[in-house]
Amino acid sequence: MVLAGIGAGLAAIGAGIGIGKIGASAVEGIARQPEVTSKIQIAMIIAAALIEGVALFAVVVAFIAK
């Protein structure tokens with residue numbers, strides 16, 4: 001059970017780091033080219049959703065594999 005908790009925690013930390021990097025890059029891109037804000041935001045939201053999906057899958061696998 002402890003290993004499942006560690007696995008779930010690592011998945012959550014990894015997702016947080018990934019989404020943080022996406023957000024930082026999106027803000028930097030919008031600051032450099034404000035005219036493409038909507039395209040950057042759409043790409044950021046899609047990437048964040050994919051990362052969250054992978055993180056959720058990893059948490060589920062961690063708890064199933066206990």
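Residues numbered from 1 in each chain as written. Predicted model: local features only at pLDDT ≥ 70, side-chain atom pairs only at ≥ 80, totals over all residues. Heavy atoms only, no water.

- The name given to the chain in an unreviewed UniProt entry is ATP synthase subunit c, and the organism recorded there is Capnocytophaga leadbetteri.
- You can read under Sequence similarities (unreviewed entry) in the UniProt record for the chain the words "Belongs to the ATPase C chain family." (UniProt positions renumbered as here; feature names shortened; annotations may be inferred.)

Here's the deal with the overall build of the chain
- Within the chain, the regular secondary structure consists of 2 helices and 0 strands.
- Burial status across the chain gives 15% buried among its 66 residues.
- Working note: accessible area of the chain is about 4,700 Å², and carbon and sulfur atoms make up 76% of it. (Helix = DSSP H or I, 4+ residues; strand = E, 2+ residues; numbered from the N terminus. Buried < 20%, exposed > 50% of the residue type's maximum accessible area, 1.4 Å probe, protein only. Areas by Shrake-Rupley, 256 points an atom, 1.4 Å probe, with all protein chains shown as cover.)

Regarding the UniProt feature "transmembrane region" (unreviewed entry) in the chain
- Per the UniProt entry, the sites bearing "transmembrane region" (unreviewed entry) are residues 42-65 in this numbering.
- Between the C-alpha atoms that bound residues 42-65 there is a distance of 35 Å. The span itself is 96% helix and 0% strand.

Re the pattern of salt bridges
- Under the definition given, this model contains 1 salt bridge.
- In this structure, the salt-bridge partner of E28 is R32, at a minimum N-O distance of 3.1 Å. On the criterion of helical spacing, the pair formed by E28 and R32 is a turn pair, its members being 4 residues apart in helix α1 (residues 2-32).
- Under the relative-accessibility criterion, E28 is labelled partly exposed at 43%. (Salt bridge = Lys/Arg side-chain N within 4 Å of Asp/Glu carboxyl O.)

As for the environment of I30
- Within the secondary structure, I30 is located in helix α1.
- For the pair I30 and V60, spaced 30 residues apart in the sequence, the C-alpha separation amounts to 35 Å.

Brief notes about the UniProt feature "domain: V-ATPase proteolipid subunit C-like" (unreviewed entry) in the chain
- What UniProt calls "domain: V-ATPase proteolipid subunit C-like" (unreviewed entry) maps, in this numbering, to residues 4-64.
- As annotated, residues 4-64 has a helix share of 93% and a strand share of 0%, and its two end C-alpha atoms lie 8 Å apart.

Topic: helix α2 (residues 37-64)
- Here α2 contains 28 residues, and its C-alpha end-to-end distance of 40 Å stays within 8% of the 40 Å for a straight helix at 1.5 Å per residue.
- At its buried positions, α2 is contacted by α1. (Expected span 1.5 Å × (residues − 1). Contact = heavy atoms within 4.5 Å.)

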